[in-house]
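# Close look at the chain arrangement
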Amino acid sequence: MPHAALVTDDLPSFLSAGPAHPTDDRLARCLLRQAQGSFQKWPEGFGGFRASVACQTGDGPVGGRVAVTAQGHVAVDCGNPIVRTLLHDMLATVALDRTPRFFDEGDGRFPISFADAGDASPCRVVHVHARLGALRYHIDAKRRVLAIERITHGLRAVTAFEGFMRTTPGRVLPTQTVSSTWDVATGALLRSESVHDSHRRVEHVWLPSARRIARSGDAPPIVLSLLDHELL
């Protein structure tokens, strides 16, 4: 699995301060731009959507309504506070990931370089020298992001994309994601979450249709389903 290699990475080399003025690598920048561009985005003129909610929890079924605006604002009408929070977090993340933005307004603001030699792994590792902390992208031969790794405030967070579905030509959406966080000082795993996502196309827009969340520990998985999608 992509994230397994990340767990055993050499942390000291990643945490080293590096050069005071890192050199920007044009090829690394181009690769990261293309890899980020492979994720499906909402089309120009997208006005948002609303949908009904049907969720399965350990305490039984939960219903509600959700709406996401073109500006990424999320509204959730649900009587269960835990499900309400999960729905809000899910849709806020989806809106952030799907909203088109210029590369140069995101990671492109910082110097970008390769963090590997290019010959020891089927993936290339691209290092973004961001001000808030170390940031690395693992990119496969198909120019897809397999994992995002960030170290900041003493925590190491890895988001590994372990499954994709093809949407429009040349674009994909994740279907299986594992997010894990470690304490850098001790190496202890603090939390882990496995997410299975499904998506549906409504007219010309790809929207979230279901999410199954399984967290570390003994808590049963929670399934969040969105039905009766309506574009705004």
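Cut-offs applied
Residues numbered from 1 in each chain as written. Predicted model: local features only at pLDDT ≥ 70, side-chain atom pairs only at ≥ 80, totals over all residues. Heavy atoms only, no water. Helix = DSSP H or I, 4+ residues; strand = E, 2+ residues; numbered from the N terminus. Buried < 20%, exposed > 50% of the residue type's maximum accessible area, 1.4 Å probe, protein only. Contact = heavy atoms within 4.5 Å. Areas by Shrake-Rupley, 256 points an atom, 1.4 Å probe, with all protein chains shown as cover. pLDDT = per-residue confidence, 0-100. Salt bridge = Lys/Arg side-chain N within 4 Å of Asp/Glu carboxyl O. Core = buried A, V, L, I, M, F, W, Y, C linked by side-chain atoms within 4.5 Å. Pairing = 2+ DSSP bridges. Axes fitted to C-alpha atoms, helices over the stretch in contact; angles between N-to-C directions. Expected span 1.5 Å × (residues − 1). Polar contact = N/O pair within 3.5 Å; in protein donor to acceptor, adjacent residues only side chain to side chain.

Turning next to the overall build of the protein chain. Helix and strand counts for the protein chain stand at four helices and 12 strands. Relative to its full complement of 232 residues, the protein chain shows a buried share of 41%. Taking the intrachain contacts of the protein chain between residues at least 6 apart in sequence as the baseline, contacts between residues at least 24 apart amount to 46%. For the protein chain, the computed accessible surface area is about 12,600 Å², with 54% contributed by carbon and sulfur atoms.

Across the protein chain, the average pLDDT comes to 88, with 88% of residues at 70 or higher. Confidence drops under a pLDDT of 50 for residues 1-5, and excluding neighbours within four residues, the segment shows seven contacts in the predicted structure.

Considering the arrangement of structural elements, one finds Leu207 in strand 11 (residues 205-215). When the C-alpha positions of Leu207 and Arg98 are compared, they lie 9.4 Å apart, and in sequence the two are 109 residues distant. Setting aside anything within four residues of it in sequence, one finds Leu207 in contact with Trp42, Phe46, Phe49, Arg98, His199, Arg200, Val202, His229 and Leu231.

Attention shifts here to the pattern of salt bridges. Opposite charge on two side chains makes pairing possible when the charged atoms of those side chains draw close. Applying the stated criterion to the full structure yields eight salt bridges. Put simply, Asp24 and Arg29 hold a salt bridge, and the shortest N to O gap is 2.8 Å. The buried category is assigned to Arg29, whose relative accessible area is 16%. A salt bridge links Arg156 to Glu149; its shortest N-O distance comes to 2.7 Å. A single burial state applies to Arg156 and to Glu149, both of which are buried.

Residues Trp42, Phe49, Leu224 and Leu226 are the most contacted members of the largest nonpolar core, which totals 26 residues. Those residues in contact with Leu224, other than ones at most four positions away along the chain, are Ala54, Cys55, Val83, Leu86, Leu87, Met90, Ser209, Ala210, Arg211 and Ile213. Of all hydrophobic cores here, the second largest spans 17 residues; its members include Val126, Ala130, Tyr137 and Ile139.

Across the sheet, 12 strands lie side by side as 3-2-1-12-11-10-9-8-7-6-5-4; this open sheet has antiparallel pairing. Either end of the sheet is taken by a strand with one partner, and the two such strands are strand 3 (74-77) and strand 4 (112-114). Taking the axes of each pair of neighbouring strands and ignoring which way they run, one obtains an average angle of 20° across the sheet. Bridge count between strand 7 (residues 145-152) and strand 8 (residues 155-166): six bridges; the pairing is antiparallel. In the strand pairing of strand 8, Arg150 is matched with Ala157. Packing of helix 3 (residues 26-37) onto the sheet brings it into contact with strand 4, strand 5 (124-128), strand 6 (134-139) and strand 7, and relative to strand 4 it is tilted by some 100°. Against the sheet, helix 4 (residues 81-98) touches strand 1 (48-57), strand 2 (60-69), strand 3, strand 9 (172-183), strand 10 (189-202), strand 11 and strand 12 (222-231), its axis set at about 135° to strand 11.

The pairing of strand 1 with strand 12 spans seven bridges and is classified as antiparallel. By the bridge assignment, Arg50 is partnered in strand 12 with Glu230. When strand 11 meets strand 12, the two strands line up antiparallel, connected through four bridges. Looking across to strand 12, one finds that Ile213 is bridged to Ile222.

Okay, unusual backbone geometry next. When glycine is set aside, most residues are seen to have a negative phi, and most peptide bonds are trans. At Arg143, a residue that is not glycine, the phi angle is positive and equals roughly 65°. The residue Arg143 is located in the loop between strand 6 and strand 7 in this model. Positive phi, normally seen in glycine, also occurs at Asp228, with a value near 55°. Mapped onto the elements, Asp228 comes out in strand 12.

For an α-helix, the turn length of 3.6 residues means that residues three or four places apart are oriented alike. Along its 12 residues, helix 3 runs 16 Å from first to last C-alpha, staying within 8% of the 16 Å computed at 1.5 Å per residue. Contacts from the buried residues of helix 3 go to strand 4, strand 5, strand 6 and strand 7. The N-terminus of helix 3 is capped by Asp25, whose side-chain oxygen sits 2.9 Å from the backbone nitrogen of Leu27.

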